[in-house]
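# A closer look at the structure
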Amino acid sequence: MSAVRIVEVGPRDGLQNVKPTIPTSTKLALIRKLHAAGLQTVEITSVVSPQAVPQLADYPHLRVPVLIPNLKGLDIALSNKVREVAVFVSAAEGFSRANIRCSVQEGLDRARQVAEKARAHGVAVRGYISCIFACPFDGPTPHAAVLDCTRQLLDMGCYEVSLGDTVGVGVPADTEKLVRYLVDAGVPITQLAGHFHDTYGQAVANVWAAYRLGMRAFDSSVGGLGGCPYAPGAKGNVATEDLVYSLHQAGIQTGVKLPELVKIGQWITNELAIPNSSRAGAALLSKSQRPANQPTPEPLASGLQWTQQPSAEGLQIHRSGPNLKLTLDRPRNGNALTESIITQLTEVFDDAATDTTITRIALTANGKFFCTGMDLGKGSSPVAKSSSASDAQFARLFRLFEAIDRAPQVTVACIQGSAFGGGVGLALVCDIRIMVKDASVRMSEVRLGLAPATVSKYVIRELGISLAREAMLTARPLLAQELHRLGKIAQVIESTEQAPAALAAYLIGLRAAAPHASTLTKDVVRLAYADAGGEQQAAGVKAVFSEMMAPQSESAFGLQQFQSGVKELDWDAYKLMQMPAKAKL
């Protein structure tokens, strides 16, 4: 596959929101480390330091473009022998006035003055466009506005125009539509680059959407540094580690040494005392720090002995210690949510809610599908029936999803096959999801004249507003790899045959988590999305804190074990000790 050129913007765009003054020596060290890791283009600053460029002059093949706001800035750059500059405009009036105190066209006119003088001095010029999808002040940005800016930037001599999703609201469908629009209007794809912020976790997905249309240059920021002072809530650029990892996994060359890049991301975020926003970087760093004598994990094995429990038609129930496994078992009808299945599942979760011997509930299925959603069979479907039938179906589904959502146990969905509609809700209402590689989830309601009403709460909560809206409106399948990249599923399983063993292994891994502490953790998360920043959240968090610190709580046992030198507790064994002994016959 075609190689990708990465423009590292961390030292400039990534650091502009860091409030304490960052020493020039730290910036220079960052640039040198990035170059040593294989990055050939590093945007260094927007206000040229007289010391910065000369100190980098002895680095061969290193391009250090400088962001230039006006002719005065260009003069400073030229006096410091800068060989490449970048000009920037906004496609939206509101952001342009907030950012550079002028209209869009006035910004373009300033950029033209800078570009023409720079080129006259033999300096290369790159262009940036902000707010390609939406503006924090004006709302959605018309494609025509982006096209006009792009044409003018290319006309003034920019060798490339970087398209910036400044507030990070774009999804792959938006990226595809805009790039197609520009190319169809005659803009060469070879002169376009992507600059995607990761506010809603869509940046890497947007890169792939643009890549598939022929784009081969992308901006990124080590450690996911960045944001924008004039775009409230905007997160940093796509993390360079995440971008490089995704491309390398697909066999696409970048020339970047990923292990070195991961170390740089950790170093600079430590220097700045801020979190490292790169998911791939954090995972790879954790893996590299694993002790050398740590045993290699054994291949997945069953690991749990399941005992059949009293079950009804269409739903198998098994138990292993404190683990309960529910298996949808009507593969011929796609494990659809019939009235019978809904009732059975609700009863199981209602009963488990008061059973303190159960700490985890797994939900999976037999057959080709995980769950195809609401029953659409002839004579059995509640769709397009009387209002009383509609009300009864709503009440059944509402009770089921609330019972799962409110379960005190940790709930794990093992998605062994594709899911549709309400089946997607059944997976997303669970706390954790693992998924077979070839499976997909699809909010297919709109294709049938329906809307995902009952499950929308959980779909939007778990996927995020932007992705959920796009998935529900397009009814496109969301694949396991995409969901995993976005952090929506915890693990991708290679095949359906490996799903039972993978589920068992995951449940075994959860033995390290104290059961009641897990319940309290779920309470804290629920408070965050139900009343973020409110009085209910504050009171709830204080109650959780008091409960976990109580003398007879799990923490007392955990602390005692820790102080005794026990670092890895088996909380299942602890739970079994707390259970009342069975009477002997």
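Residues numbered from 1 in each chain as written. Predicted model: local features only at pLDDT ≥ 70, side-chain atom pairs only at ≥ 80, totals over all residues. Heavy atoms only, no water.

Closest axis-to-axis distance for the helix H6 (residues 104-120)/helix H7 (residues 143-155) pair is 10 Å, and the angle between their directions is 15°. Put simply, H6 runs roughly parallel to H7. Considering the relative orientation of H6 and H7, their crossing is right-handed. Contacts between H6 and H7 involve Val-104, Gln-105, Leu-108 and Arg-112 on the former and, on the latter, Asp-148, Cys-149, Gln-152, Leu-153 and Asp-155. Its residues assigned to classes, the contact of H6 with H7 shows four nonpolar, two polar and three charged. (Axes fitted to C-alpha atoms, helices over the stretch in contact; angles between N-to-C directions. Helix = DSSP H or I, 4+ residues; strand = E, 2+ residues; numbered from the N terminus. Parallel < 35°, antiparallel > 145°, perpendicular 65-115°, else oblique. Left-handed = near helix turned anticlockwise from the far one by under 90°. Contact = heavy atoms within 4.5 Å. Nonpolar A, V, L, I, M, F, W, Y, C, P; charged D, E, K, R; others polar.)

Bringing unusual backbone geometry into the picture now. You will see that Lys-81, though not glycine, has its phi angle at about 60°, which is positive. Under the relative-accessibility criterion, Lys-81 is labelled exposed at 66%. The backbone phi angle of Arg-101 is positive, close to 60°, even though this residue is not glycine. Mapped onto the fold, Arg-101 is located in the loop between helix H5 (93-100) and H6. (Buried < 20%, exposed > 50% of the residue type's maximum accessible area, 1.4 Å probe, protein only.)

What follows is about the pattern of salt bridges. Per the counting criterion, the structure on display carries 21 salt bridges. Residues participating in the shared-partner salt-bridge network are Arg-5, Arg-126, Glu-160 and Asp-219. (Salt bridge = Lys/Arg side-chain N within 4 Å of Asp/Glu carboxyl O.)

Moving on, we come to the side chain of His-195. Position of His-195 relative to the elements: it lies in strand E9 (residues 192-196). You can call His-195 buried: its relative accessible area is 6%. Polar contacts involving the side chain of His-195 include one to the side chain of Asp-219, which spans 2.8 Å. Engagement of the side chain of His-195 in a polar contact is seen with the side chain of Asn-237, the distance being 2.7 Å. (Polar contact = N/O pair within 3.5 Å; in protein donor to acceptor, adjacent residues only side chain to side chain.)

Across its 19 residues, helix H14 (residues 387-405) extends 27 Å between first and last C-alpha, which sits within 8% of the 27 Å expected from 1.5 Å per residue. Gln-393, Leu-397, Leu-400, Phe-401, Glu-402, Ala-403, Ile-404 and Asp-405 are the residues of H14 that are buried. Its buried side turned inward, H14 meets helix H13 (339-352), strand E16 (410-415), helix H15 (422-428), helix H16 (456-463) and helix H20 (515-530). (Expected span 1.5 Å × (residues − 1).)

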